[in-house]
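Summary of structural features
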There are 4 protein chains.
Amino acid sequence: MDGFILTLSCPDRVGIVHAVTGFLAEHDCNILDSQQFGDRDTGRFFMRVHLESNNRPLDLDDLRAAFARVGESFSMDWHIDGEAARARIIIMVSQQGHCLNDLLYRWRIGSLPADIAGIISNHRDFESLANSYEIPYYYVPITPQSRDDAEQRLLDIVAENHVELVILARYMQILSARVCEQLPGRIINIHHSFLPSFKGAKPYHQAHDRGVKLIGATAHYVTANLDEGPIIEQEVARVDHGDDAPNLTSIGRDVECLALARAVRWHLEHRVLVDGHKTIVFR
Amino acid sequence: MDGFILTLSCPDRVGIVHAVTGFLAEHDCNILDSQQFGDRDTGRFFMRVHLESNNRPLDLDDLRAAFARVGESFSMDWHIDGEAARARIIIMVSQQGHCLNDLLYRWRIGSLPADIAGIISNHRDFESLANSYEIPYYYVPITPQSRDDAEQRLLDIVAENHVELVILARYMQILSARVCEQLPGRIINIHHSFLPSFKGAKPYHQAHDRGVKLIGATAHYVTANLDEGPIIEQEVARVDHGDDAPNLTSIGRDVECLALARAVRWHLEHRVLVDGHKTIVFR
Amino acid sequence: MDGFILTLSCPDRVGIVHAVTGFLAEHDCNILDSQQFGDRDTGRFFMRVHLESNNRPLDLDDLRAAFARVGESFSMDWHIDGEAARARIIIMVSQQGHCLNDLLYRWRIGSLPADIAGIISNHRDFESLANSYEIPYYYVPITPQSRDDAEQRLLDIVAENHVELVILARYMQILSARVCEQLPGRIINIHHSFLPSFKGAKPYHQAHDRGVKLIGATAHYVTANLDEGPIIEQEVARVDHGDDAPNLTSIGRDVECLALARAVRWHLEHRVLVDGHKTIVFR
Amino acid sequence: MDGFILTLSCPDRVGIVHAVTGFLAEHDCNILDSQQFGDRDTGRFFMRVHLESNNRPLDLDDLRAAFARVGESFSMDWHIDGEAARARIIIMVSQQGHCLNDLLYRWRIGSLPADIAGIISNHRDFESLANSYEIPYYYVPITPQSRDDAEQRLLDIVAENHVELVILARYMQILSARVCEQLPGRIINIHHSFLPSFKGAKPYHQAHDRGVKLIGATAHYVTANLDEGPIIEQEVARVDHGDDAPNLTSIGRDVECLALARAVRWHLEHRVLVDGHKTIVFR
């Protein structure tokens, strides 16, 4: 039998879980795993259910059609996806390739449930790496004059390839508000600091100047407000007075890889729900 | 309105969650938080629900009486407790008082939801500490000859005070199988190693001899098999070649306090369910 | 034989270590442990030596007098202290006592090498705790009108008791620039955030609002610039979307205790050297 | 000016540091960084000095010849290497390539100071990965009958390529005592458990069966006693009851990569000194 993932959010009130589990029982579905959260600040309720059909094969479209009634009666924002469905993704990178290399290896061994539609870069550095994985490489250079065209190229590639998620794996260009707003909750960036500390440029140099004893990295959804998007995951590593900015950069690479890889996997497994400017992560 | 905690385990099959949420809807209860887990190895299903009455005050005895039918139909091992109910606990200690001091402070500021019926020790070291908290101190010395009497004394104190949980906060005497079996799942010990490494005596010396780079502590339920009971929580700290056994002991104290305090709090909040020789922890 | 701790900083140049080790060899001293660091940004050199006399007892004053020549020739800022010497300290607290309780226990079991001259508070909450440890408790209430007098009282207590270090263990009043400047490098504060994130008031509420996935605490020397003093130690703990501000506060208590206790111990063991607005920590 | 790394160990006695720093002053060398440790258990003294010539270029052979006298007078086991010298290494792998992929990327961006003489495997899985990095791939299959020949092949490759370090990056064959003894302190293995817990086969399954709350990985020198060699580095990650053995394996991959990469880098930077069955790591 196939498995499915149901995620939903809606205004909190009595009876949501019972309505959902009742629907599943009616359709002879078994709950493999279920998590829920009511945000008292916003009054919204969030739920993720991993379910499977108990006896007979289920059709995804039928299931969605049937659930629509439940969704409507609770004003839900809801999604049902096949567990085996693979999102199409794009990875963007500039000249630091550690996160790209890390994501590609995870993808190859099957630990990232996605199809990589391509790698986009404003540099040629990782073209041969892309080739060795047989992934299309889009070289899209950026100059102050070409920025608008380059962004349109990105949006075209996303549209033509039915890309659901764009990953900024140390892509060092700032996306315009236009792009951010066209792809809400669909761009994940890794920022190389423990946000909200050290926003902006050269965070490891900022960290060295301040003399912090731990450095961090933050994976977050991209919004039009730079470094202010909803945080998905953060990780830190210990440093000391002997670590100069290049050392922090080196130590930071491992932290960035881990934080970004977790955020991407959780997103692809439908574990991340956006709640205003924050995220719910059902791990 | 009062809150309640429902915990249950039973053989896994379709309809458990729906039956439970149906029961709650019938009794006009709201689900504040709910977690569940199906163990594929053992075929058992585990669930914890934090619920509250939606409109009218609920009587705990009525609720239990009503739920008995659901429990029976799924062969559940189940419990319902008032959220505000406070378990009665005993803390046992020998001559290392850091975990005791830590637990007492947490208790004083209200972060351990329990009533401390007393402190039992085979030494007098912490009598004045107990007095400063106005907690009864039972000095129960142990000699090879008096061991059986001392253990009977412990069981008597537990029975007379309706104690639900015994915490071995660096109590350095081994409890006999008789005591362990009379209080299954009701004794939590802190072992000062990252089990299953370094069972038995002087684990920090064993760790120093082996040259490990991290040391740990393990909070676990006590069973008749020494250091083999179900693990509730573990914590570690980094050490290096310069740390001798006394240093490891000092670093380890912090790790022990944290692991034990978390395990005790989770137990008191009904977050820990025993699953054979393992635990489910609904954090 | 007694042990001594030598710490020094000076402009970096060739021959410093050789001059120091030559001096020690001349005085028949053995190096038990030694650490050094040259800061390329500031051009200053830092060193800490744990030494002991090899054969005959050494007099601290004689040793200091003899070392003065070495110190002068390299323009050193240097200190020699007996390993067994205990600094006199003051702990200041308001109404959150977890760090105070933690420090007191560490002090009692001998893991904080200091004499506690007293506890100063603008509240009476911890008077009986101080009494149970037989430590003087100075109740110094603060009103907008009495602030200057209260600060003078603090400076008087420090002077009269020959206090070397003041610890702000969740003391919630801001010290004036006058006090900060009179006690440079002699006041350690614990700030309940991972600085430079969430400076100022209510950092756990700020952290909750931002939706961070880790919270932290920072122990630092106090300067006239609030929350900008040299960082000594930082620690973090993982949190998730389900943790509201009171939960963050509870989780944060453990992190604060650990960061502050480490910073204080390192300071008392002469492991922390101030390097401009940063610290060197020879762990 | 070139930098050099001096490492030494010898029986502990007065005057070692002074003799070494005196030698360096005589040769007009500046100490950039220095660490030392006296092991009270074994009575041995360990030291690492990062030095550079102050004015004139230094010849490595001259420096070694001159230091021989100091080394002899203290019965030192000592080494001097150019900071820029790159050790020749071999990486061995079976069918789990995450550590291999991780090491190769670190090597490419210059964060592993070594030349990779080749990759040896008993499988063909990573031949194209090796090709993409233009590194020789030695396919050396192993059967019970061919084991001796295969090991001789390994020793031959090591000898012909002047290989200084062999890295077992999830190489799942046990090396015979003959190989281990021919390459003492020159083989680093990553074991996928927090040793000494879960020695031997399938450690993640063992960890799952025991119900631990943290899993780990251990990088250690290989000796003839399986999983008993000197530990260089360990790392852990938090897991919970919901993580089955495949999940632990997936989480563990990240931990293995980190622990192995650190151990290898520290070894290559001459930061690891063997002290009996333990290691000194001058980080």
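Attention in this report is confined to the structure presented alongside it. If you're wondering where the values come from, they're calculated on a predicted model, not measured in any experiment.

**Observations regarding the interface of chain A and chain C**
- The partner chain C presents 34 residues to the 34 residues of chain A that form the contact.
- With both sides pooled, the region where chain A packs onto chain C buries about 2,900 Å², and carbon together with sulfur makes up 51% of that total.
- In terms of surface lost to chain C, no three residues of chain A exceed R210(A), K213(A) and H241(A), which account for 25% of the buried area on that side.
- One can count six salt bridges joining chain A with chain C.
- At the junction of chain A with chain C, the criterion picks out 25 residue pairs in polar contact (both at pLDDT 80 or more).
- Per-class residue counts for the side of chain A that touches chain C are 13 nonpolar, nine polar and 12 charged.

**A look at the sheet that holds strand β5 (residues 87-93) of chain B**
All names here are of chain B.
- One open sheet holds the seven strands; their spatial order is β7-β6-β5-β8-β9-β10-β11, and the pairing between them is mixed. Strand pairing shows two members of the sheet lacking a second neighbour, β7 (137-139) and β11 (231-238), which therefore form its edges. Strand-to-strand twist in this sheet, taken as the mean axis angle between neighbours without regard to direction, amounts to 20 degrees.
- Looking at chain direction, strand β10 (residues 214-221) and β11 are connected through seven bridges and run antiparallel. Directly across from A219, in β11, lies its bridge partner E233.

**A word on the packing of helix α3 (residues 98-108) of chain B against helix α8 (residues 245-268) of chain B**
Residue and element names in this part refer to chain B.
- Relative orientation of the contacting elements α3 and α8 amounts to 45 degrees, with a least axis distance of 9 Å. On the basis of the axis angle, α3 is oblique to α8. As for how α3 packs across α8, the hand of that crossing is right-handed. On the side of α3, the interface is formed by H98, C99, D102, L103 and R106, while α8 contributes R253, E256, C257, L258, L260 and A261.

**With respect to helix α5 (residues 147-160) of chain A**
All names here are of chain A.
- With 14 residues, α5 extends 20 Å between its outermost C-alpha atoms, agreeing within 8% with the 20 Å of an ideal straight helix rising 1.5 Å per residue.
- Of the positions making up α5, those classed as buried are A150, E151, L154, L155, I157 and V158. Along the axis of α5, the buried residues cluster in a sector spanning 160 degrees; they form a single face. Those residues of α5 that are exposed and angled more than 90 degrees off the buried face are D148, D149, A159 and E160.
- Where α5 is buried, its residues contact β5 (87-93), β6 (114-121), β7 (137-139), β8 (165-168) and α6 (177-182).
- One or two positions beyond α5, positive phi appears at H162, with a value near 50 degrees.

**Quick look at the relation of the copies chain A and chain C**
- Note on the copies: chain A fits chain C at an RMSD of 0.0 Å, the axial shift is 0.0 Å, and the rotation between them is 180 degrees. Expressed as a symmetry operation, the mapping of one chain copy onto the other fits a two-fold axis. Residue S197(A) of chain A places its C-alpha closer to the rotation axis than any other residue of that unit, at 2.4 Å.
- A shared binding surface is used by both copies, with 100% of the interface residues of chain A retained as interface residues in chain C.

**Considerations on unusual backbone geometry**
- For the peptide bond that leads from L195(A) to P196(A), omega is 10 degrees, which places it in the cis range.
- Looking at the element boundaries, P196(A) is found in the loop between β9 (187-191) and α7 (203-210).
- Phi angles above zero are rare outside glycine, and H270(B) is one such case at about 60 degrees.
- Note that H270(B) resides in the loop between α8 and β12 (272-275).
- Using a relative accessible area of 25% as the deciding quantity, one classes H270(B) as partly exposed.

**Points about helix α1 (residues 16-26) of chain C**
- Those residues of α1(C) not exposed but buried are I16(C), V17(C), V20(C), T21(C), G22(C), F23(C) and L24(C).
- Considering only its buried residues, α1(C) is in contact with β1 (3-11), β2 (29-39), β3 (44-53) and α2 (60-73) of chain C together with α1 (16-26) and β2 (29-39) of chain D.
- One or two positions beyond α1(C), positive phi appears at D28(C), with a value near 55 degrees.

How each quantity is defined
Residues numbered from 1 in each chain as written. Chains lettered and ligands numbered in written order. Predicted model: local features only at pLDDT ≥ 70, side-chain atom pairs only at ≥ 80, totals over all residues. Heavy atoms only, no water. Contact = heavy atoms within 4.5 Å. Buried area = accessible area lost by both parts, 1.4 Å probe. Salt bridge = Lys/Arg side-chain N within 4 Å of Asp/Glu carboxyl O. Polar contact = N/O pair within 3.5 Å; in protein donor to acceptor, adjacent residues only side chain to side chain. Nonpolar A, V, L, I, M, F, W, Y, C, P; charged D, E, K, R; others polar. Pairing = 2+ DSSP bridges. Helix = DSSP H or I, 4+ residues; strand = E, 2+ residues; numbered from the N terminus. Axes fitted to C-alpha atoms, helices over the stretch in contact; angles between N-to-C directions. Parallel < 35°, antiparallel > 145°, perpendicular 65-115°, else oblique. Left-handed = near helix turned anticlockwise from the far one by under 90°. Expected span 1.5 Å × (residues − 1). Buried < 20%, exposed > 50% of the residue type's maximum accessible area, 1.4 Å probe, protein only. Arc of directions from axis to C-beta. Least-squares fit on C-alpha atoms with pLDDT ≥ 70 in both.

Functional significance is not addressed by these values, which are geometric in nature.
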